[in-house]
Every structure is written in structure tokens, then in C-alpha cells.
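Residues per chain are reported as follows:
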Amino acid sequence: MTFITHMDLIIILYFSHFLHSFKPLQTNAIKTSKYNPFTFLPLNLFEQFQRIANAYFLFLLVLQVIPQISSLSWFTTVVPLVLVLTVTAAKDATDDIVSKCVLCTISPLRSEKWMDVQVGDIIRLENNQFVTADLLLLSSSEPLNLVYIETAELDGLVYFLFNVYNLKPAVRCEPPNNRLDRFTGTLTYAGQKYPLDNEKILLRGCTLRNTEWCFGLVLFAGPETKLMQNSGKTTFKRTSIDRLMNVLVLCIFGFLAFMCTILAIGNCFWEMNEGSQFMVFLPRQDGNNAAFSAFLTFWSYVIILNTVVPISLYVSVEIIRLGNSFYIDWDRKMYFSRYNTPAEARTTTLNEELGQIKYIFSDKTGTLTQNVMTFNKCSINGKSYGEIQKLEITKHTDTVDFSFNPLADPRFMFHDHALVEAVKLEDPEVHAFFRLLALCHTVMAEEKKEGELFYQAQSPDEGALVTAARNFGFVFRSRTPDSVSIVEMGEERSYELLAILDFNNVRKRMSIIVRSPEGKLCLYCKGADTIIYERLHQSCSKLMDVTTEHLNEFAGEGLRTLALAYKNLDEEYFNQWKQRHHEASTELDNQESKLDELYEEIEKDLLLLGATAIEDKLQDGVPQTIEQLSKANIKIWVLTGDKQETAENIGYSCNLLREEMNDVFIVSGNSPEDVRQELRSVKRLYHFSLDKRTLGKGVKLIADELVNGEYGLVINGHSLAYALEGSMELEFLRTACMCKAVICCRVTPLQKAQVVELVKKYKQAVTLAIGDGANDVSMIKAAHIGVGISGQEGMQAVLSSDYSFAQFRFLQRLLLVHGRWSYLRMCKFLRYFFYKNFTFTFVHFWYGFFCGFSAQTVYDEWFITLYNLVYTALPVLGMSLFDQDVNDVWSFQYPQLYIPGQLNLYFSKKAFFKCALHSCYSSMVLFFIPYAAMHNTVRDDGKDVADYQSFALLTQTCLLFAVTIQLGLEMSYWTAVNTFFVLGSLAMYFAVTFTMYSNGMFLILPSAFPFIGTARNSLNQPNMWLTILLTSILCVLPVVTYRFLFIQLCPTINDKVRMDLLPKQHLPPPPLRTRIRRTSSRRSGYAFSHAQGYGDLVTSGRFLRRPALSGSSGFANIGRTTTGFSPMGRSAGYSPTGRPQNAKVPDVEVTSLQMYRTVRDPAF
């Protein structure tokens, strides 16, 4: 892209409320990150303090600086709080830097960055470059200033070009908006106004193809471009566990206040009844009464009992998330060697959310498919060819040798040798079949060098068919507005092009009328089998039955089919028909209906030739991935800009739609009433029950439906626009949620985001959006989880995503393995962390009743400091980073293991309260058993052992053993690291305890180490170890009993799978079942991505591009090249040549189809 100069143009943006409005020129800079250097600190702190726990610790810090309240130093809270905030901020900054958009530079005349381009600038684009802003096309390297573009990232866009270079016009256009299919504006020049519409604009996100260069005027730049208007806003994403944690932390705060209130009330009564007895050696300060003492005690216990929500919880959570993100980055099974692309976790805060996905919203082109069409099979005169391709094809499978044809495309592969033998044996039906494919199309052929053919097809379907004919000896060579030249088995022949009956979505067929060199008139037709069959001659009935069987087989394998037919025409009849067509085309009333009657008249009594079967190549493993995800109870919705037939065909190919489904509903109403009626008719036809609950602010929550059977839904974009209206969105969602699979076709990027938001609003489910193009950005941002495919459509989707990889098939590993493990580990971590800290804290609560509610701690201060930091940190981190209930292979074998995550069974409010009750029981055991064991107890030598320090040591030792054993029960997968962490933490405890309670430490700092000799004097007594053993057994026994009974009486899916795997642990897992395609289908396999409107271009003299070199008519030993296709769209109808049959257009060179109209106004 080259920056030239600022053109003397006025870009006037008009709005509805006033005519003229000027605004500063918009630069082309866009932002895909959340922060910048100035907003990072305030925004990040604001985001972090949305966690209620962080705000709580800040409040504790304030309390600790009050000496009358705090029994702990202020730095014990400020240091970990600052550490947490710093670590989290560094992680968020790293994630945000990764997501920043890459800015590309541009070359000669004046090189600039994309971000510096402004409205009104003229830029130069070169071949294969992205269009960087919304441009008015000015000129190009092609004759008549025509360009070719690939709109893979934008759906349904068509363009128009005219030359206004060296002019000084004024452009007035619409304000920035998100309508990809509409543009209005005017260009004023020399006192005259010329209209500008969508056909004259190149939109950001397209790619220039097969055009050396072009110049364009920037109309919209940066966030004002239509693509960015559809992209949505970057939002802060939080997991459902984070949101649940905020609720639970509020509950914990309430419970903490409740405990502190009880203890404060107890202190008040104790001071009134018992406190006076201690005033001799604990005199009260002046003015301090029992009520004030209770007030101070309340806040003292707030500080002491704050460990119910330890700040180390959030440090550990961030470490766990970071570790699980590294697992995704390091996973070699998600590495795509062809593009050298590994999987990447672009955020570290959403890993556990991957284990709870209920709805997946997927793009089609580039995500499910490769957008590559291959000619796989065909049926000619009742014989099916290509059957060998049913077998597993490997690189060693023999392919057809096309060396006899020097013009063959070397990339074309076919494995059935019978077809090429039939061609060589000059089978007339086979020759007629490929002759039709070589003639009946709108492809253009460019031959820059002799024999180097390059095809430009409006759709990849047509490109595949013409390439197949080319390789089997019927080579489309060139065309003029009134002729088509092909090479038939080495002989060059020119057919006179008399008329094209163009394709459209209603006709679903395309016909061409040609005159052969021998003077024979013939109509060739290709289209949907259901349409062609209605127009066949009755003599074709037997052939039609056989061909139907073949079509059913092709459709059952997910191939896209077309039926081919022809008809010989009488010269006199055709002349009469053409005259009547001319008269009908000039009618003002009922023109379309009269033309349709003429089309129907000539396209009847056709003779069937056969059928083609094209495979829209899926990415590797797509059907198996969708099948696995469906077994995991994940619903998949495909949101695509393709036509209905194409999207539906891909749905069957990738196993999203299946023949076994009870029904597939089609919603295609053209008005709100029609759409509403179609949705309601589905409910009346198939009764199903819906459970509705109400969320906050009156939003109704639609629960999962109870449906008998499996259903699919296909809805068009214009119908979806009505279905998403407020009065109908619930109707649509109810019907869609009833279905196993949903396909929305012809949708805009904004509609994709609206569908995702609709499900998020009314379904209590986690959503994931996956796509590869800029048109998927809004959907990716709207979903809870956004996944970008780093493929052929640029990096826009990847830059906006949370996770990225190169192939759709990696999604099942991301969810069923990494996602499930992350969710399982996080839930186990939270359950255990709350258990060990609640148990630790509740012991303080019980001790308060025996220490006069004096806010004295039951443990040594060093134990309080090191409990979460050293003694219990590594074991729980080891479990949270390495634990797995089953390995990755068995996770694929049992995708049902994913379902508990969708139902929040591992961690919820219910699980939290169970954990709290368990902790309450354990704390009572850990306090009262040691208390009773030491009451009136003496040592072996008769000395008293019942002192505070010995009791504190015994209680904390029992606590540590109990929580460690509980951790062992939680762990499903023991590794050397886990074992080392568990045993090492216990060893660390005893080493630190004996060190800190030694004489040496006391002599160094007596006030910090008052427990001199306690460890060696207490732990050498047998009754101490008996008490530790007894408390450990009593703490664990109810857990073991409950789990045993639960597994026997009400086992979970995890219990069933693990019991099933016990006898198979030493056996290799069975291979995954390969997808078996059906060999028959009763549905039509018709799908043709060709768009309406190229007939008038083919038959006009305005599409000329450049002369084609005249080549040898024989198969000389000449070079050849590959074929490229550019999917685009147009609109038109029947297009006769409009000239005498034998007349030649003067000065018209042999050329190929041009994809765009030229301006008819002579002023240009």
C-alpha cells in the first residue's frame, strides 16, 4: 500500500438533523487492546478492586493501623496485598500486549503506517494486500480500471470502479454505520452529481487479488470503517467462578460479621461478670466499660478471623491459571506443523471457563471448511465414477495420469482410472458431459504465456467443474462476448455464444445456448437435481432413476451435487423464441413474469447427461470434532454469510445435521408475520415443554428444553433480522434451543454478535465463539470465550480472541482436555482451600469461649504466618496443576465427563456450604479432642503438660495432619512432584517448628520466639501422637464413609467412568470411532455458491480485460499453471447477446470474464 498525497477533496458527512457538518479527519488507527500507558494503572486497579476480596483486604489494612484494635502488624496485610495487585497487573499487561494490533508499513512514493492514513488520502494497494480502510476505487492496473478482490472476511459484497484520477470532486456520503450491504453518497464534479453506492466501494478487510495495483480514496478510516463498526467493543471478561466467588465472599463477610458479633457479645458479658476479678493485674483504662471493650473486640476478631478469605487465595488462583495456560501453549498435539502455528492462550484468566461451555457459535468458511472445492465423483449416463474414493486415500494411492493432456492442472487429483479411459475411448456421453462443463459457466481464462492458463471463477464450485473438464481433455481456453473457445482432446473449437440464461436463487439452474462449429444449435443446462428433473423428457425416466440413486449416495456422503442436461434446438424455433424474448424484455408491465415463461418454455424436454459431485473440503477432523462435542452435550450453532443451500450442505458434511434427525426446520419468512408463524408452527407440530425462571431485573431465564428426538434449524439472514427483534427474540430462542444444531445463513457480523448476546441474556450457559475472519470479531468479543483460527484470512480474529490455534479440530482438545482439567482443578482447589482455611479459622472461634473472648490467637504467630505461605501452599498448588481424574485419551473416549462442568456440579453455592459444614465439624474435632486430651494431663515424669504453648503446638500439628490427609483424598492423580510437595511440606513444618522453638532462636530474639523448648518437650510424649492420630481419623472418617456410600448408591459420571477404567488401566485405549458416512440420502445434495448476475457481463463488450494469447490447437508440450478462484457476488438475469448471430464485434480481442460492470456515463 502506497501513500501519495492528500487530495483536494471535501468529505462531507451529513446527518439527519442538519445538512452540513464538518468533523476532524479520522485516522486509520484502531485498538484491539484494553489499556494504554495512561489508562493502565487506573483501569487495572478499578478492575481488580471489583473483586470484593481485594476491597476487603484494603479495609483490613486500615483497621490494622489502629493500635487499640489490631493484634497484628500492618505489614502482614499490605505486603501480600501489594504482591497480589502487582502480579495480577503484570499478568494483565502481558495479556494486553499480546492482543495489540500489528501495524503494517507501506512503500514507495511515501511510506506510512496504516495508522497514519486519514480520510481524504489516496493510497495505493498492491496484489494480495489487505484493504486497510473503506475506499472509493479510483484506478487500477487493469484495462477499464477493474479490480478483483477476495471477500472472505466480508459476506455479500460487490464493487464498482470508475476513474476520477486528477479530478477535484466533492464527495458527500452517509455517516459511519455497520451496514455492509449498503452505501449511499454523491460525487459532485463540474456542476454535475453522480451517485455512489456499495458497488463503488472497497471495504476494509477485503484482499486485492490478481490485480497488480489500484488507487483508492479513503472515505472512512479506523473505527469508522464498516468492518470496525461491526466489531463490537472490547469488554472485561470474567469467569462464572469469579462471579460466584464475589457472591460467596459477600456471604463469608456476613458470616464473619456474625461470628465477630457473637464473640463481641460474649466479651461484653464476660467483662461484666468475670472481668472485675482480673482488674488487679489488668486494670481498665479510664472510660473503658464492657460495651466499649466489646466494640474493640469485634474489630480485633475481624482481623484475627480474616483468614476465612485469605489473600493468598487469589495469588494461588493466578498461579494456577498461569500454569494451565502454559499447558495449552506447550501442547504439541495442538501444534499445526504446516503453518508452524502452535496453540496460544492469549489470556490467563478464563481457563476454567473452557470446562463449562454449553453453546459454540462457529463461522463456516475458513473455520469448518478450507474453502477449496474438489471434483470427487460424477454420474454419466447411468454409470458412477469415482467410487474408489470411498476407500481411505493415502499418499500411496494411485492417481489418474493426465500426462496425455499438457494443459491439465497438475494439482487436480482423481483416483478412478475408468473415467479417463472412457474419455480416451471417445464415449459420446462422456464427451458431451465434459463439453457441457467446459461451455456452461461464467469463468474467465487468462493466458499470459502460451499454455499457462489461469482461471478466474466467480465461485469455487464453477472453478472446480471447469478444472475437471480441463484435466479430462476439454480445456476452456478463452471467450469473447459472442464465442467460447475450448480445446477438445487436442482440437481447438470455437462455439458461438448465442444466449446465457443466468443462475439465480429461484431458478437454481444456469443454461447456455451455443452453436457448434458444425452449425448445430444446443442448449446446455446445469442446476439442482429437483429443478432439472422437472424439465426432463419422458424418455429419460430410467436414466433418471439410476442417476437419482447415485445422487442419493453423493448427498449421503456430504457432496455438493448438480444435475447436467442438454437439448438440441431447431434454428427456426430459436429465432422465434429470441424475437419473443426481445419483446418481453422491453415490456414495462410484468416483465419478469413474461421472461420467466420464456425461460420455462425453452428449458423443457431436456435430455439428462448425468450429475457432478463436488466436495467442499472440510478441515481435517471437523466431523469427528463436532460429533465428540455433541456427545459432551455442547450445542453448536453455525453462523455464516453463505447461502442456505451451501450452509445446509456443509451442515450435513460436517455431521452437524444428520439424516437420522427427526426433522430439520427451515425458517425463511420475508416479513415479521411470516417468521413468527413459521416459528409457532414448529411448536404446534412438535410439542415440547419449557421451564422459565426469572433472573434479576425481570429477565426471564429459559431453561433447557425437554424434547423427544433430535431436530435441526436453518434460518436465513433476512428472517433472522426479524427474529432478533424484541417482540420475537424469545420465540426464536425457544425454537432454536429445542434443536440439536442451528445454522444461521446470510448473516452479517453484527447479527452474529446479536445471536450470541441473545443466548447469553436468556440462557444460564457459557458460550464460545470461534472464527477466523474480521467478520467474526464481533461474535468473538461478545461470547464468554473467543477463539481465533490463525489461518488464511489474516490475524484480525486472532488479535481479538482469548485463545487461538490453526485448526478447528483442536477445539475438542481445548475443551474436553484442557478446559475440563482446568475446571476440575480449579474447583478442587477452591473446595480444599476453603476447607483448610475455614477449619483453621473456626478453631479460633471455639477457642474464644475458653479465653474470655480476649481475641487471643490459638496458634503460634509464626504458624499463622506460614500456614498458607509455606505449610499448605505447595501441596494444593501441586494438586491444582497436575491432578487429572482420567488422562487425555480417556477424556476423548468418554466425552460425557464434560457434562458436570456445564451443570456447575464441582463448585457451586451448594458445594461451598457443604465445605463450610465439613470445616465446622473438623474444627470442633481439632479443638475439643486436643483440649480434652490435655485437660489435667501430666508428662511421663509427672510434670504438667497442660499449658497454652503445648496446647497450641498440639492443635496446629493436628490441623496440619488433618488437612494434609484431606488433600490426599481429594487428589486423583499422584505424581512424583505431588508426593514431594505433600511429604516435603510436613517435613518443612517439623523442621521450622523445631528450629523456631529452639533455645538459640529464643536467645537471638526472645520476643519473637517465646515458645522455647515446646516442641521437644511435647512431641516426645506418646499421648501427643495418639491425639494426633485420633483427630486425624475422626476428621477423615465421615468423608470416607460419605464417599463410599455415595459411590455405591448414587455414583456420578466420573465415578462410573473411573470404575469402568480400573480393569483397563494397563490396556491401550480403543481407537476413536471413525466417522461413517451414509451411502444414501433422500435429500437433495444441491449446493451451488454461484451468485446471480454474470450473464450480462459475459455477453457484453464491456468486460474485456486483456488479449489472450492464441495457443496451439493441439496438445503441444507447453507449460501449465495452477488455477485460482476468487469468490464474489453479482446480480443479473437472462442475457442474450443482443446482436446478429453471425456478426462480430469490431476490435474485440479474445478475452475472459470480467467481474465488474463499467460506467455507462460518457462523462467518465
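Predicted, not measured: the structure shown is a model, and the values here were computed from it.

1. Points about the overall build of the protein
Then comes step 1: Secondary structure assignment for the protein yields 35 helices and 34 strands.
Then comes step 2: Relative to its full complement of 1164 residues, the protein shows a buried share of 57%.
Then comes step 3: Relative to all contacts within the protein whose residues are 6 or more apart in sequence, the contacts with residues 24 or more apart total 79%.

2. What about the nonpolar core?
Then comes step 1: The biggest cluster of nonpolar side chains holds 99 residues, and the ones touching the most others in it are L313, F829 and F834.
Then comes step 2: With 17 residues, the single largest contributor to this core is helix α23 (residues 810–848).
Then comes step 3: Apart from the residues lying within four places of it in its own chain, the contact partners of F829 are L313, S316, V317, I320, V876, M879 and S880.

3. Quick notes on the packing of helix α24 (residues 861–871) against helix α29 (residues 948–970)
Then comes step 1: Between α24 and α29, the shortest axis-to-axis distance is 12 Å and the interhelical angle comes to 15°. With respect to each other, α24 and α29 are oriented roughly parallel. In this structure, α24 crosses over α29, and the sense of that crossing is right-handed. Residue-level contacts link F863, Y867 and Y871 of α24 to Q956, L959, L960 and V963 of α29.

4. Here's the deal with the packing of aromatic side chains
Then comes step 1: One pass over the structure, following the stated rule, counts 65 aromatic pairs.
Then comes step 2: Measuring from ring centre to ring centre gives 6.0 Å for F375 and F414, while their planes differ by 35°; the resulting arrangement is tilted. A residue pair is termed long-range when its members are at least 10 positions apart, and F375 in strand β14 (residues 369–380) and F414 in the loop between β15 (383–385) and α8 (417–424) qualify at 39 residues. In this pair, the class of F375 matches that of F414, namely buried.

5. A few points about the sheet that holds strand β30 (residues 741–745)
Then comes step 1: An order of β12-β33-β32-β31-β13-β25-β30-β29-β26 is seen for the nine strands of this open sheet, with the pairing classed as mixed. Sheet topology places β12 (344–345) and β26 (663–667) at the edges, where each strand pairs with a single neighbour.
Then comes step 2: The pairing of strand β32 (residues 785–789) with strand β33 (residues 803–805) spans three bridges and is classified as parallel. Paired with V787 across the two strands is Y803, which belongs to β33.

6. A short note on the pattern of salt bridges
Then comes step 1: Under the counting rule described, the total for this entry stands at 37 salt bridges.
Then comes step 2: For R346, the salt bridge identified is with E344, shortest N-O distance 3.7 Å.
Then comes step 3: Residue R346 is classed as buried on the basis of its relative accessible area of 7%.
Then comes step 4: With a relative accessible area of 29%, E344 lands in the partly exposed category.
Then comes step 5: The closest approach of N and O atoms between D888 and R813, which form a salt bridge, is 3.1 Å. Taken together, the residues span a long stretch of sequence, with D888 in helix α26 (residues 888–893) and R813 in helix α23 at a distance of 75 residues.
Then comes step 6: The exposure class assigned to D888 is buried, which follows from its relative accessible area of 14%.

Conventions adopted
Residues numbered from 1 in each chain as written. Predicted model: local features only at pLDDT ≥ 70, side-chain atom pairs only at ≥ 80, totals over all residues. Heavy atoms only, no water. Helix = DSSP H or I, 4+ residues; strand = E, 2+ residues; numbered from the N terminus. Buried < 20%, exposed > 50% of the residue type's maximum accessible area, 1.4 Å probe, protein only. Contact = heavy atoms within 4.5 Å. Core = buried A, V, L, I, M, F, W, Y, C linked by side-chain atoms within 4.5 Å. Axes fitted to C-alpha atoms, helices over the stretch in contact; angles between N-to-C directions. Parallel < 35°, antiparallel > 145°, perpendicular 65-115°, else oblique. Left-handed = near helix turned anticlockwise from the far one by under 90°. Phe/Tyr/Trp six-rings, centres within 6.5 Å; stacked < 30°, edge-to-face > 60°. Pairing = 2+ DSSP bridges. Salt bridge = Lys/Arg side-chain N within 4 Å of Asp/Glu carboxyl O.

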